[in-house]
Amino acid sequence: GNSVTQMEGPVTLSEEAFLTINCTYTATGYPSLFWYVQYPGEGLQLLLKATKADDKGSNKGFEATYRKETTSFHLEKGSVQVSDSAVYFCALSHPNNNDMRFGAGTRLTVKP
Amino acid sequence: ETGVTQSPTHLIKTRGQQVTLRCSSQSGHNTVSWYQQALGQGPQFIFQYYREEENGRGNFPPRFSGLQFPNYSSELNVNALELDDSALYLCASSLSAGASSSEQFFGPGTRLTVL
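Criteria and cut-off values
- Residues numbered from 1 in each chain as written.
- Chains lettered and ligands numbered in written order.
- Predicted model: local features only at pLDDT ≥ 70, side-chain atom pairs only at ≥ 80, totals over all residues.
- Heavy atoms only, no water.
- Helix = DSSP H or I, 4+ residues; strand = E, 2+ residues; numbered from the N terminus.
- Polar contact = N/O pair within 3.5 Å; in protein donor to acceptor, adjacent residues only side chain to side chain.
- Contact = heavy atoms within 4.5 Å.
- Pairing = 2+ DSSP bridges.
- Axes fitted to C-alpha atoms, helices over the stretch in contact; angles between N-to-C directions.
- Phe/Tyr/Trp six-rings, centres within 6.5 Å; stacked < 30°, edge-to-face > 60°.
- Buried area = accessible area lost by both parts, 1.4 Å probe.
- Salt bridge = Lys/Arg side-chain N within 4 Å of Asp/Glu carboxyl O.
- Nonpolar A, V, L, I, M, F, W, Y, C, P; charged D, E, K, R; others polar.
- Buried < 20%, exposed > 50% of the residue type's maximum accessible area, 1.4 Å probe, protein only.

Student: How should the side chain of A:Ser72 be read in this particular structure?
Tutor: All names here are of chain A. Summarising the element assignment, Ser-72 is placed in the loop between β8 (62–65) and β9 (75–77). In this structure the side chain of Ser-72 is engaged in a polar contact, spanning 2.8 Å, whose partner is the side chain of Thr-70. Excluding residues that lie within four positions of it along the chain, Ser-72 makes contacts with Cys-23, Thr-24, Tyr-25, Leu-33, Thr-65, Tyr-66 and Arg-67.

Student: Can you help me understand the sheet that holds strand β3 (residues 19–24) of chain B in this one?
Tutor: Backbone hydrogen bonds are what pair the strands of a sheet, in a parallel or an antiparallel way. Residues and elements named next belong to chain B. Read from one edge of the open sheet, 4 strands run β1-β3-β8-β7, paired in antiparallel fashion. Looking at the sheet topology across the chains shown, the edges are occupied by β1 (5–7) and β7 (64–68). Geometrically, the sheet is characterised by an average inter-axis angle of 20° between neighbouring strands, direction not taken into account. In this structure, β3 lies alongside strand β8 (residues 74–78), joined through 5 bridges in antiparallel fashion.

Student: Please clarify how the packing of aromatic side chains should be interpreted in this entry.
Tutor: Aromatic ring pairs are described here by two measures, namely the spacing of the ring centres and the angle between the planes. As enumerated under the stated definition, the model contains 12 aromatic pairs over all chains in all. Here A:Tyr25 and A:Tyr66 contribute two aromatic rings whose centre-to-centre distance is 6.0 Å and whose plane-to-plane angle is 75°, an arrangement assigned as edge-to-face. Taken as a pair, A:Tyr25 in strand β4 (residues 23–26) and A:Tyr66 in the loop between β8 and β9 lie far apart in primary sequence, 41 residues in all. Between B:Phe47 and B:Tyr49 the ring centres are 5.4 Å apart and the planes differ by 85°, which places this aromatic pair in the edge-to-face class.

Student: Any chance you could explain the interface of chain A and chain B here in plain terms?
Tutor: Between chain A and chain B, the contact holds 19 residues from the first and 21 residues from the second. Roughly 1,500 Å² is buried in total at the junction of chain A and chain B, and carbon and sulfur atoms are behind 56% of that figure. Inspection of the region where chain A meets chain B yields 0 salt bridges. Where chain A packs against chain B, one counts 1 residue pair in polar contact (both at pLDDT 80 or more). The greatest single-element share of the side of chain A that touches chain B, amounting to 4 residues, is contributed by strand β5 (residues 32–38) of chain A. Class assignment for the residues of the side of chain A that touches chain B results in 9 nonpolar, 8 polar and 2 charged.

Student: Mind showing me how you'd approach the pattern of salt bridges here?
Tutor: In a structure, side chains of opposite charge can pair up when their charged atoms sit close to one another. This model, assessed by the stated rule, comprises 7 salt bridges over all chains. A:Asp84 is the salt-bridge partner of A:Lys77, the closest N and O atoms lying 2.8 Å from each other. For the pair A:Lys77 and A:Asp84, a shared accessibility class is recorded, and that class is buried. Among the ionic pairs, B:Glu75 bridges to B:Arg22, the shortest N-O distance being 3.5 Å.

Listed below in C-alpha cells is the structure:
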C-alpha cells in the first residue's frame, strides 16, 4: 500500500545552518506529495506540495522536488531560523482514494 | 474567515466510556476528514465526510463513527474506549472531496486521554 518514510529526528541545528529532511515514498501511479509543519500547540499547516514528477514546491524559503526515479521528496532550506523549530511531516495522497498518508514526523530545533 | 475549530481541546475518559468530538469546518468547505495522531507519530486517516455522507475510511474499527451536518460541521464518536485510543484527534476541512484535489486545513486538535 501507499506509505511514507521520513528521516528520524530529532534534528538540532544552529541558526543559518542548511537543513535537509529526507522523505521517501511507496505508491503506485502518481501520488501528490506534501510537507506539513506543526508548531507547538497548533494544528498542521501545509508548507508546500508537488503534484507531479519533477515539480518543485516552495514556500518560506523551504523547497522540495518530486523525484519519481528515487521516489523521494526531501525538504531543504538554505538558512534556518529559530522560528522554524517545529515538527515536519511528509505526506502523500493518491487520486484513487481520499486518505492522506503521513510519515512519523521529524522534530527540528534551531538554536540561536 | 474563520478557520477550522475543534472542541473540546482536552478530554479525559475512562476505559469503556463513549466520547464525541466536534469540528467546525472552514467557511465554504464541504468536506471534513478526521485523523488520529498518537504521541510521536504522524496522523492516521480515520474517515472523510463529503456532503453529509462517509466518503472513505481508514483502518479503524466500527466503534469509530462520524456524522456531518447540513452546515458541514462534523462529529467523531468513539464507543467502548480503549487505552490505545489516547491520542490527538485532528479534523481537517477542504473545498472538495479527495485528499489530493484540494488543500486540507487542519484544526488544533482534541487531546483525548483514556485512563
